[in-house]
Amino acid sequence: MKLVVFDLDTALCHSSAMEGYALCQAVADLTRKTVSTLMPNPVHPFHSAVSTLLGRTPTADEMLYLRSRFRLHLKRQTLFHSKAIQANGSMIDTMHDLMRSRDTVVGLVTSTCSQVLAMKARNLGLVVDAMPCASKDDGDSLDSVLATVKLRAMRSFGVCFDQCQLVAADAWRDSASRQQMDWLLPNDFLQRLEAESV
């Protein structure tokens, strides 16, 4: 059996502009000042992006407030500006094909929280209820997120996987290596699948 894990934010969709704007709105709510629209890219890790916009290290209470406001502003954008989330249609189709395969389990990760994952998944038409998923709620590091999704996949399907792959942007590469996962960029993954089908 093979486990293939997709990063929602870099393999299945691109919404960095939307997230950056939501973060700026959240910081503006906190400071009651207009925040530059030059958003940190990417906005995750969240603490680092907030520090950049504030020009200082936020307190624990400020982080709780900012996460709450970030989710609120992102939800509003998702409801009223859903086209801002650019779906990677070919990757989503490929993911659905793999989900129908008998020898492959598909998982999903995100560097954001589980509420944002659910929001984006709904917007993209993804049904993730029966899929092993992990988010930043499961640990502060990308390593923790990957370790969690692997553990949930093993518990759900009761098997040890012969091979584990991660389809994600370069930011996940080192964590994938430490978690003994084969890391592939989204385009490289699609090309490999195409070559294997010839």
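Everything that follows concerns the structure shown earlier in this document.
A short note on the overall build of the protein
When helices and strands are counted, the protein shows nine helices and seven strands. Across the 198 residues of the protein, 46% fall into the buried class. Considering only residue pairs separated by 6 or more positions, the protein has 68% of its internal contacts joining residues 24 or more positions apart. For the protein, the exposed surface amounts to about 10,600 Å²; the carbon and sulfur share of it is 50%.

Focus on the sheet that holds strand β7 (residues 182-184)
Here we have five strands laid out as an open sheet, ordered β5-β4-β1-β6-β7, and parallel in their pairing. Of all the strands in the sheet, the pair left with one neighbour each is β5 (133-134) and β7. Inspection of the sheet shows strand β4 (residues 104-109) paired to β5 by two bridges, in the parallel sense. When the bridges of β5 are listed, Leu 108 appears paired with Cys 133.

Structural notes on the layout of surface pockets
Of the volumes computed, that of the second largest pocket is approximately 270 Å³. Tallying contributions element by element places helix α4 (residues 60-80) first for the lining of the second largest pocket, with three residues. Among the residues forming the lining of the second largest pocket, the class breakdown is four nonpolar, five polar and five charged.

So, the nonpolar core
In terms of nonpolar packing, the biggest core is built from 22 residues, with Phe 6, Leu 12, Leu 108, Leu 126, Val 128 and Phe 189 touching the most fellow members. Contributions of two or more residues to this core are made by β1 (2-7), α1 (8-12), α5 (89-99), β4 and α6 (114-124). The element contributing the most residues to this core is α5, with four residues. Those residues in contact with Leu 108 that sit more than four places away from it in its chain are Val 5, Phe 6, Leu 8, Leu 12, Leu 117, Val 128, Met 131, Pro 132, Cys 133, Ala 134 and Val 149.

Points about the environment of Val 159
Within the secondary structure layout, Val 159 lies in the loop between α7 (142-157) and β6 (163-167). Along the sequence, Val 159 and Met 1 sit 158 residues apart, while their C-alpha atoms lie 7.7 Å from each other. Dropping the residues within four chain positions of it, Val 159 is found in contact with Met 1 and Met 154.

Quick look at the packing of aromatic side chains
All told, the structure shown has one aromatic pair when counted by the stated rule. On the basis of an interplanar angle of 85° and a centroid distance of 5.7 Å, the ring pair of Phe 6 and Phe 189 is categorised as edge-to-face. Here Phe 6, found in strand β1, pairs with Phe 189, found in helix α9 (residues 186-197); they are 183 residues apart in sequence, far enough to count as distant. Each member of the pair, Phe 6 as well as Phe 189, carries the same accessibility label: buried.

Side note on the pairing of β4
Of all six residues in β4, six are buried; the element is thus mostly enclosed. Alternating positions in β4 separate into two faces, Thr 104, Val 106 and Leu 108 on one and Val 105, Gly 107 and Val 109 on the other, with burial throughout. Bridge analysis of β1 against β4 gives six bridges, and the strand direction is parallel. Looking across to β4, one finds that Leu 3 is bridged to Val 105. Regarding topology, α6 serves as the crossover connection from β4 to the parallel β5, and that connection is right-handed.

Re the pattern of salt bridges
Within this structure, the stated rule accounts for seven salt bridges. Asp 9 serves as the salt-bridge partner of Lys 120, at 2.6 Å between the closest nitrogen and oxygen. Taken together, the residues Lys 120 in helix α6 and Asp 9 in helix α1 connect sequence positions 111 residues apart. Glu 62 serves as the salt-bridge partner of Arg 56, at 2.8 Å between the closest nitrogen and oxygen. On the basis of relative accessible area, Arg 56 is assigned to the partly exposed category, the value being 38%.

Each value, and the rule that gives it
Residues numbered from 1 in each chain as written. Predicted model: local features only at pLDDT ≥ 70, side-chain atom pairs only at ≥ 80, totals over all residues. Heavy atoms only, no water. Helix = DSSP H or I, 4+ residues; strand = E, 2+ residues; numbered from the N terminus. Buried < 20%, exposed > 50% of the residue type's maximum accessible area, 1.4 Å probe, protein only. Contact = heavy atoms within 4.5 Å. Areas by Shrake-Rupley, 256 points an atom, 1.4 Å probe, with all protein chains shown as cover. Pairing = 2+ DSSP bridges. 1 Å grid on protein atoms, 1.4 Å probe; cavity = no way out; pocket = protein on both sides within 12 Å on 5 of 7 lines; lining within 4 Å. Points joined across faces, edges and corners; volume = space filled by probe spheres on them. Nonpolar A, V, L, I, M, F, W, Y, C, P; charged D, E, K, R; others polar. Core = buried A, V, L, I, M, F, W, Y, C linked by side-chain atoms within 4.5 Å. Phe/Tyr/Trp six-rings, centres within 6.5 Å; stacked < 30°, edge-to-face > 60°. Right-handed = clockwise from strand over helix to strand, strands pointing away. Salt bridge = Lys/Arg side-chain N within 4 Å of Asp/Glu carboxyl O.

By themselves, these observations are geometric and do not establish any function.
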